[in-house]
Each structure stands twice: as structure tokens, then as C-alpha cells.
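If you want the building blocks of each chain, they are given just below.
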Amino acid sequence: MQAVVQIGGRQIVAQEGATIRVDTRDVAAGGKLTIDQVLMVKSGSVASIGTPFVAGAKVEAEVVCHGLGEKVRSFRYKRRTKARKTLGHRQGYTDIKITRIIAPKG
């Protein structure tokens, strides 16, 4: 079974048992997470498409770990003035494991 869910403004394809990386969530590692913004659910050859969300569909997940992504460097430079500035940023993420996809009846 597959589902397309919306998490943090992004659309992600989720399968049962798969581990996906999303933006940081405020759930401790080992905690449960329920996603009710399901855009599409596909079971075999039958698909349910929402307008915009599928009523009664949910995706249950377990938080595996939290972390920081790779550093992204930004460099600002103004010519002839010796003005230079280097900035760095590491975006936080949460790895979640999809445990169950609940499809609507009918």
C-alpha cells in the first residue's frame, strides 16, 4: 500500500516499512506520529484521490531519530571594498518509519 502525504508543505510518497526524511518534528525519538493530510492512497490497482485530502485516511509513523543535514555555505562579496562574509547553515531533519497506512472504507 502506498500513500502520498503532505508534511511541512512537501508532498512525499510513503510506503509501509519505509523510512523517510522530513523537516524537524517536535516528537521525541521513539514517539508516534500521525499524519492526516493524505492526498492519495493506493492499494493494489485501486486508488483514492482526495480533494484536497482523502477523508478518513491516515498514516501512522514512528520517529527514528533527529539530526542535522550537510552544511550549506553562502558567500557574500562586494568588489573593491574588501567586504566578504561567509555564512553556513545546517537544516534539521527527522527520520520517520512508516508503520501503517489506514485507507478509508469503500
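In what follows, the structure referred to is the one given above.
Heads up: these notes are all about the structure in this document. Bear in mind the structure is a predicted one, so any value in this text is a computation, not a measurement.

### Regarding the nonpolar core
For step 1, the next point in the chain: The biggest cluster of nonpolar side chains holds 20 residues, and the ones touching the most others in it are A3, V5, I7, V38, V59, I96 and I98.
For step 2, the next point in the chain: Listed by contribution, the elements that provide at least two residues to this core are strand 1 (2–7), strand 2 (10–15), strand 3 (19–23), strand 4 (32–35), strand 5 (38–43), strand 7 (58–68) and strand 10 (92–102).
For step 3, the next point in the chain: Here V38 is in contact with A3, V4, V5, P52, F53, V54, A57, K58 and V59, once residues within four sequence places are set aside.

### With respect to the pattern of salt bridges
For step 1, the next point in the chain: All chains considered together, the criterion is met by four salt bridges.
For step 2, the next point in the chain: Put simply, E60 and R100 hold a salt bridge, and the shortest N to O gap is 3.9 Å. You can see E60 sitting in strand 7 and its partner R100 sitting in strand 10, a full 40 residues away along the chain.
For step 3, the next point in the chain: Judged by relative accessible area, which is 44%, R100 ranks as partly exposed.

### Some remarks on the sheet that holds strand 3
For step 1, the next point in the chain: Taken together, four strands build an open sheet; the order of strands is 3-10-7-4 and the sheet is antiparallel. Pairing within the sheet leaves two strands with one partner each, and these edge strands are strand 3 and strand 4. Each strand of the sheet is rotated relative to its neighbour by a mean of 40°, with strand direction disregarded.
For step 2, the next point in the chain: Two strands pair when backbone bridges link them, and strand 4 and strand 7 are joined in this way by four bridges, in the antiparallel orientation.

### Observations concerning the sheet that holds strand 1
Whether parallel or antiparallel, the strands of a sheet pair through hydrogen bonds between backbone atoms.
For step 1, the next point in the chain: In spatial order, the strands read 2-1-5-6; together these four strands make up an open sheet with antiparallel pairing. Edge positions in the open sheet fall to strand 2 and strand 6 (46–49), since each of these has one partner strand only. The mean inter-strand angle of the sheet, taken between neighbouring strand axes irrespective of direction, is 20°.

### Concerning the side chain of T94
For step 1, the next point in the chain: Tracing the sequence through the fold places T94 in strand 10.
For step 2, the next point in the chain: A residue is classified by how much of its surface remains accessible, and T94, at 0% relative accessible area, is buried.
For step 3, the next point in the chain: With sequence-adjacent residues up to four places away left out, T94 is seen in contact with I20, R21, V22, D23, T24, R25, V63, C65 and H66.

Reading the values: the criteria
Residue numbers run consecutively from 1 along every chain, following the written order of its sequence. Confidence filtering applies because this is a predicted model: local features only for residues at pLDDT of at least 70, side-chain atom pairs given and counted only at 80 or more, and all residues used for totals across whole chains, interfaces and linings. The side-chain figures draw on all heavy atoms in the structure; neither hydrogens nor water molecules are used. To qualify as a nonpolar core, a set must consist of buried Ala, Val, Leu, Ile, Met, Phe, Trp, Tyr and Cys residues joined through side-chain atoms within 4.5 Å. Here's how the labels work: a residue is buried when its accessible area is under 20% of the maximum for its type, exposed when over 50%, partly exposed in between, all with a 1.4 Å probe on protein chains only. Helix and strand labels come from DSSP, where a helix needs a run of H or I of at least four residues and a strand needs a run of E of at least two; each type is numbered from the N terminus. We call two residues contacting when some pair of their heavy atoms lies within 4.5 Å. Any Lys or Arg side-chain nitrogen located within 4 Å of an Asp or Glu carboxyl oxygen qualifies as a salt bridge. Two strands pair if DSSP finds at least two bridges between them. Comment: axis = line fitted to C-alpha atoms, over the contacting stretch for helices; angle = value between 0 and 180 degrees taken between N-to-C directions.

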